[in-house]
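# Coordinates in review
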Amino acid sequence: VAIAAIAGTIAGLIIFTVTRITGRNLFLITGGVAGLSAIFAMQFYRRAAHLTEVKVSIPQFSELTFVVNNDARQVAWRLFVEIVTRTSTQPLNDDEGIIREALTSLYSLFAITRETLKNSRPSIPAPGSQTVEHLAVTMLNWELRPFLSKWHPRLHVFEQAHPGGPESAWPEAAACRLELRQAQEHLRRYALGFAQLAGVRDAEAMIARA
């Protein structure tokens, strides 16, 4: 209470003194106050943005440097959750699961990733670094799009020719499952990358339990 009273008294004296100043001195004081206010505003913005530099290793690239703020961390967290909670990213042995379901799940991941990016504020890239959007688009164009473009039409042709037939009768089922496992491993590494950007602790264990 005493400190607040003293601070209030000092502030009142300052305001009273400033209101009695005119001419050039008034402009000098006003400019100084404006400059200090701008500095404090910039410091507050930097603290709120909380920029962090993160190095991430993903398929196709040895290591990339990212600078993320709170908005980017939120995007990375949403994409991490979307990847690790899908059946399409979980191990699928040759004698279990349905390829069609896995492909449908991957299509949904593709669509949700696009929507997440479209609905988020774009990051401002720092010199020499990448953004969370870059990582997401790389995942879409280097992993999901090639796999889906190759295997979805082939499976569709088989399904059209054999309505209601078992997938085990599809001659390319084994090859598709093999490439699916490779894509899943790559997606797992992307998930870990998003986890790093989001600041997720013990992401490996979360993926194992998903």
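Residues numbered from 1 in each chain as written. Predicted model: local features only at pLDDT ≥ 70, side-chain atom pairs only at ≥ 80, totals over all residues. Heavy atoms only, no water.

## Structural notes on unusual backbone geometry
We apply this condition: Strands here mean DSSP runs of E at least two residues long; helices mean DSSP runs of H or I at least four residues long; both are numbered from the N terminus. We call a residue buried when its accessible area falls under 20% of the maximum for its residue type, exposed when it is over 50%, and partly exposed in between, using a 1.4 Å probe and counting protein chains only.
Phi at Asp202 takes a positive value of approximately 55 degrees, unusual for a residue other than glycine. Counting through the fold element by element, Asp202 comes out in the loop between α6 (173-198) and α7 (203-209). Look at Asp202 and you get exposed, because its relative accessible area is 54%.

## Here we look at the nonpolar core
Note that soluble globular proteins tend to have their nonpolar side chains buried in a common cluster. The test is simple: Here, nonpolar core means buried Ala, Val, Leu, Ile, Met, Phe, Trp, Tyr and Cys residues that are tied together by side-chain atoms lying within 4.5 Å of each other. Only heavy atoms matter for contacts: two residues are in contact if any of them lie within 4.5 Å across the pair.
Ranked by internal contacts, the top residues of the largest apolar core, which has 47 residues, are Phe80, Met139, Leu144, Phe147, Trp170, Phe194 and Leu197. Elements with a contribution of two residues or more to this core: β1 (52-58), β2 (61-68), α3 (70-84), α4 (99-118), α5 (132-161), α6 and α7. Examining the composition of this core, we find that twelve residues originate from one element, α6, more than from any other. Each residue touching Phe80, except ones within four places of it in the same chain, is listed here: Ala191, Phe194, Ala195, Val200, Ala203, Met206 and Ile207.

## Structural notes on the packing of α3 against α4
Operational definition: To get an axis, fit a line to the C-alpha atoms, keeping to the stretch in contact for a helix; angles then go from 0 to 180 degrees between the N-to-C directions. The scheme is simple: roughly parallel for angles under 35 degrees, roughly antiparallel for over 145, roughly perpendicular for 65 to 115, oblique for anything else. Residue polarity follows a fixed list, in which Ala, Val, Leu, Ile, Met, Phe, Trp, Tyr, Cys and Pro are nonpolar, Asp, Glu, Lys and Arg are charged, and the others, Gly among them, are polar.
Contact geometry of α3 with α4 gives a least axis separation of 11 Å together with a crossing angle of 170 degrees. Judged by the inter-axis angle, α3 sits roughly antiparallel to α4. Judged by residue contacts, Val75, Arg78, Leu79, Glu82 and Ile83 of α3 engage Leu109, Ile112, Thr113, Thr116 and Leu117 from α4. Tallied by class, the residues present in the contact of α3 with α4 amount to six nonpolar, two polar and two charged.

## Thoughts on the confidence of the model for the protein
Detailed reading of the predicted model is not advised wherever pLDDT is low. In plain terms, the rule: Think of pLDDT as the predictor's per-residue confidence, scored from 0 to 100.
Averaged over every residue, the pLDDT of the protein is 82; the share at 70 or more is 73%. For the protein, the element scoring lowest by mean pLDDT is helix α2 (residues 24-49), at 55; α5 scores highest, at 95.

## Overview of the side chain of Thr116
Here Thr116 is to be found in helix α4. Not counting chain neighbours up to four residues away, the residues in contact with Thr116 comprise Val75, Arg78 and Leu79.

## Examining the pairing of β2
Where we set the bar: Should DSSP find at least two bridges between two strands, the strands are taken to pair.
Of the strand pairs in this sheet, β1 and β2 are connected by six bridges, and their pairing is antiparallel. Among the inter-strand pairings, Thr52 is bridged to a residue of β2, identified as Val68. Between β1 and β2, which pair antiparallel in sequence order, lie two residues; one of them, Gln60, sits at a positive phi of approximately 75 degrees.

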